[in-house]
Amino acid sequence: MPKILFIQPTQYSEDGKGLIKQHRLYLPGLAFPHLAAITPAHWQVEVCLEVIEDVPFNTDAELIGIGAMGQAVIRAKEIAREFKQRGKTVIMGGYMPSMIPDFVSEVCESVVIGDAEIAYPMLLKDYENGCLKKKYHYPIDQIGHIPIPKYELISK
């Protein structure tokens, strides 16, 4: 069974000397539970929210999906580099990679630009067939078919 690990990087503190960490997550994002809900059933999904946990660099996931918001894109690139050095396939998405895909494309195999509801399943299929594209940009025009996010992945 193939496995994808989604990572939401944290950002560096104002002084740049450490990562911003919390003991608890008060406002979880919905992107990863939503993507988990549209992931084909033969895939295993794990989620890491770096603000409350450490990135599991020794994961057995073969595909690493990194979402980046704001200045966390700097940390996202560092995480991507580390996983690439470990032989993992790295994909990125989120609003920062969508706004500046060329900035992150040097550290990942693929970038999902904008909406992922169509692009992400296509990316997984391409990954399984060994033909990932560098960029996936497939905006959605209706959302009535989107499943309920898998909140249980972030409830701990």
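Rules used throughout
- Residues numbered from 1 in each chain as written.
- Predicted model: local features only at pLDDT ≥ 70, side-chain atom pairs only at ≥ 80, totals over all residues.
- Heavy atoms only, no water.
- Helix = DSSP H or I, 4+ residues; strand = E, 2+ residues; numbered from the N terminus.
- Rg over C-alpha atoms; globule rule 2.2 N^0.38 Å.
- Buried < 20%, exposed > 50% of the residue type's maximum accessible area, 1.4 Å probe, protein only.
- Areas by Shrake-Rupley, 256 points an atom, 1.4 Å probe, with all protein chains shown as cover.
- Lys, Arg positive; Asp, Glu negative; His and termini not counted.
- Charge placed at Lys NZ, Arg CZ, Asp CG, Glu CD.
- Arc of directions from axis to C-beta.
- Contact = heavy atoms within 4.5 Å.
- Pairing = 2+ DSSP bridges.
- Phe/Tyr/Trp six-rings, centres within 6.5 Å; stacked < 30°, edge-to-face > 60°.
- Right-handed = clockwise from strand over helix to strand, strands pointing away.

Engineer: How should I be thinking about the overall build of the chain in this particular structure?
Structural biologist: For the chain, the helix and strand inventory stands at 5 helices and 6 strands. Going from N to C terminus, the chain has its helices and strands arranged as β-α-β-β-α-β-α-α-β-α-β. A compact globule built from 156 residues would reach a C-alpha radius of gyration of about 15 Å, and the chain, at 15 Å, matches this within 12%. Out of the 156 residues in the chain, the part that is buried amounts to 46%. Surface accessibility of the chain: about 8700 Å² in total, with carbon and sulfur atoms responsible for 54%. Taking the average place of the 16 positive charges on the side chains of the chain and the average place of its 19 negative ones, the gap between the two points comes to 3 Å.

Engineer: Honestly, helix H5 (residues 119-128) in this entry has me stumped. Any pointers?
Structural biologist: Count 3.6 residues to each turn of an α-helix, and residues three or four apart come out pointing the same way. Within H5 the residues assigned to the buried category are Ala-119, Tyr-120, Leu-123, Leu-124, Asp-126 and Tyr-127. Down the axis, H5 shows its buried residues gathered within 165 degrees of arc, on one side only. Of the surrounding elements, those touching the buried residues of H5 are strand S1 (3-8), helix H1 (31-37), strand S3 (63-67), strand S4 (89-93), strand S5 (110-112) and strand S6 (135-136). Just downstream of H5 lies Gly-130, where phi reads positive at about 70 degrees.

Engineer: What is the right way to look at the sheet that holds S4 in this model?
Structural biologist: Paired through their backbone hydrogen bonds, the strands of a sheet run either parallel or antiparallel. Strands sit in the order S2-S1-S3-S4-S5-S6 across an open sheet of 6 strands; the sheet is parallel. A single partner strand is all that each edge strand has here, and the edge strands are strand S2 (44-49) and S6. In the sheet, S4 pairs with S5 via 2 bridges, with the strands oriented parallel. When the bridges of S5 are listed, Met-92 appears paired with Val-111.

Engineer: What's the story with the packing of aromatic side chains in this structure? I'm lost.
Structural biologist: By convention here, two paired aromatic rings are described through the distance between centres and the angle between planes. Enumeration over the complete set of coordinates arrives at 4 aromatic pairs. With a centroid separation of 4.9 Å and an interplanar angle of 15 degrees, the aromatic rings of Phe-6 and Phe-32 are classed as stacked. Residue Phe-6 is found in strand S1, and its partner Phe-32 is found in helix H1; the two are separated by 26 residues along the sequence. Exposure class is identical for Phe-6 and Phe-32. Each is buried. With a centroid separation of 5.0 Å and 40 degrees between ring planes, the pair formed by Phe-57 and Phe-83 is classed as tilted. Of this pair, Phe-57 sits in the loop between S2 and S3 while Phe-83 sits in helix H2 (residues 72-85), placing them 26 residues apart in sequence. Of the residues examined, Phe-83 reaches a relative accessible area of 0% and is grouped as buried. One aromatic cluster in this structure is built from Phe-6, Phe-32 and Tyr-120.

Engineer: What exactly am I supposed to notice about the pairing of S2 here?
Structural biologist: Looking along a regular strand, one sees the side chains alternate between the two faces of the sheet. In terms of strand pairing, S1 meets S2 through 6 bridges, oriented parallel. Bridge assignment links Ile-4 to a residue of S2, and that residue is Val-45. Where the polypeptide runs from S1 across H1 and back to S2, its parallel neighbour, the crossover connection is right-handed.

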